[in-house]
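Structure at a glance
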Amino acid sequence: MNKYLQKLSNQQSLTKIEMEEAVEQLFSEETTDSEMAAFLIGLKTKGETVDEIAGLVNGLRSKSIPFSKKIPNVMDNCGTGGDGSKSFNVSTTSAFVLAGAGISIAKHGNRSISSKTGSADVLEELGVQLSLSQEVSEQLLHDIGITFLYAPHVHPQLKQIMKVRKELRVPTVFNLIGPLTNPVDLDTQLLGVYRRDLLEMFADVLNALGRSRAVIVNGAGSMDEASLQGENHLVILDNGSITKTVLHPEELGLSIYSNEEIRGGDARENARILLSVLQGKEGAYLDTVLLNAGIGIYANGKVTNIQEGIHLAKKSIDSGSALAKLEQLIEKTQQSEKKVI
């Protein structure tokens, strides 16, 4: 680890291979908590490069529970968190709309870290069992088109690094890479970031990680989701080509709502909101999901523009397909746990 700390202290960037080797050292019993902390702060102080982030993600994924690639065109939709908006679980709700539109969703998530209610918290409140085996998770993806990958369960070796990260009490690269560490080999992705200056960098990272298509979005008010409050800045990755665009909800026929109008609460409150959206209750919550799911459907390549994606998202909800995906996930995961017991 010392040679990598020396490079970082001299403001020298690591190559992708060096970063993957450094991750091996991070998991070594010989590496101290102080060395881990110095490494993370060294990266932060220097400023992480595309190769460093891609190498870090590759290294972390190599330590996760392995998943075989049986399903074509698998997608995840998630934000980095950290925007302080206290919004409801937009991406988690949108995941069921995407699945209802016929897209295979490997939803990777955790309990609350920077927000009040994480994806795992709200799904558990709804009755979804979190700690599933790799075999069961893959079977769910095959059978019903959606699975939930609980981060602590699929990344069992990250405990010590997470301990150091919490003790540092300052944001590090780990506050940004959660959505990138999905152990399933994703083809497409919708990624929300709360920092607009990172949009193009994350497009380059997703390209380096092998995504064929992706949309990276920074919402109005610096949300890590698309927002109905105003302008949303998007970077689109399409088979190595990167383009930028700005999207306003009025261009898509959606009403304007402030970010305060989509605030959530605890797990029970956010579960209620999620269900109300999947049941088609009109308002800010529903329109926010239509916008984000529409962008997600476009990111997946199922439609040629975001307006068509919104139309398909609405159809997923109105037909009951999105709600059915949630009900199937609850039922199947509960059946799985009973078998384990």
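Here's a quick rundown of the structure. (Residues numbered from 1 in each chain as written. Predicted model: local features only at pLDDT ≥ 70, side-chain atom pairs only at ≥ 80, totals over all residues. Heavy atoms only, no water.)

Notes on the overall build of the protein chain
Heads up, the condition is: Only DSSP runs of H or I with at least four residues qualify as helices, and only runs of E with at least two residues qualify as strands; both kinds are numbered from the N terminus onward. This radius of gyration counts C-alpha atoms alone. The globule rule is 2.2 Å times how many residues there are, raised to the power 0.38. When accessible area is computed with a 1.4 Å probe and restricted to protein chains, residues below 20% of their type maximum are described as buried, those above 50% as exposed, and intermediate ones as partly exposed. Any pair of residues with heavy atoms lying within 4.5 Å of one another is described as a contacting pair. Exposure was quantified through the Shrake-Rupley algorithm and a 1.4 Å probe, taking into account, for residues, occlusion by the shown protein chains and nothing else.
Within the protein chain, the secondary structure is distributed over 14 helices and seven strands. On C-alpha atoms alone, the protein chain measures out to a radius of gyration of 19 Å, which is about the 20 Å that the 2.2 N^0.38 rule sets for 341 residues. Summarising its shape, the C-alpha atoms of the protein chain cover approximately 55 × 50 × 35 Å along the three principal directions. Evaluated residue by residue, the protein chain yields a buried proportion of 55% over its 341 residues. Counted over contacts in the protein chain with a minimum sequence separation of 6, partners at least 24 positions apart contribute 73%. On the protein chain, roughly 14500 Å² of surface is accessible, and the fraction owed to carbon and sulfur atoms is 47%.

Points about the pattern of salt bridges
Note the threshold: Salt bridges are identified by distance alone: a Lys or Arg side-chain nitrogen within 4 Å of an Asp or Glu carboxyl oxygen.
By the definition in use, this model includes 14 salt bridges. The closest approach of N and O atoms between Glu18 and Lys7, which form a salt bridge, is 3.1 Å. Of this pair, Glu18 sits in helix H2 (residues 16–26) while Lys7 sits in helix H1 (residues 2–9); the two residues are eleven residues apart in sequence, bridging distant segments of the chain. Residue Arg111 is joined to Glu124 by a salt bridge in which the shortest nitrogen-to-oxygen separation is 2.9 Å. Taken together, the residues span a long stretch of sequence, with Arg111 in the loop between strand E2 (104–109) and helix H6 (119–126) and Glu124 in helix H6 at a distance of 13 residues. Residues joined by salt bridges that share partners form a network here, namely Asp33, Lys163 and Glu167.

Some points on the nonpolar core
Note the following rule: The nonpolar core is taken to be a set of buried Ala, Val, Leu, Ile, Met, Phe, Trp, Tyr and Cys residues, with the residues joined through side-chain atoms within 4.5 Å.
Core analysis: the biggest nonpolar cluster contains 60 residues, and Leu291 and Ile295 have the highest contact counts within it. With ten residues, helix H12 (residues 284–300) is the largest single contributor of residues to this core. If we ignore the near neighbours within four places in the chain, the residues touching Leu291 are Ala226, Ser227, Leu228, Asn232, Leu247, Leu252, Leu254 and Ile310. With 41 residues, the next largest nonpolar core counts Ala22, Val57, Phe174 and Val193 among its residues.

Note that all results are geometric; they support no functional claim without further evidence.
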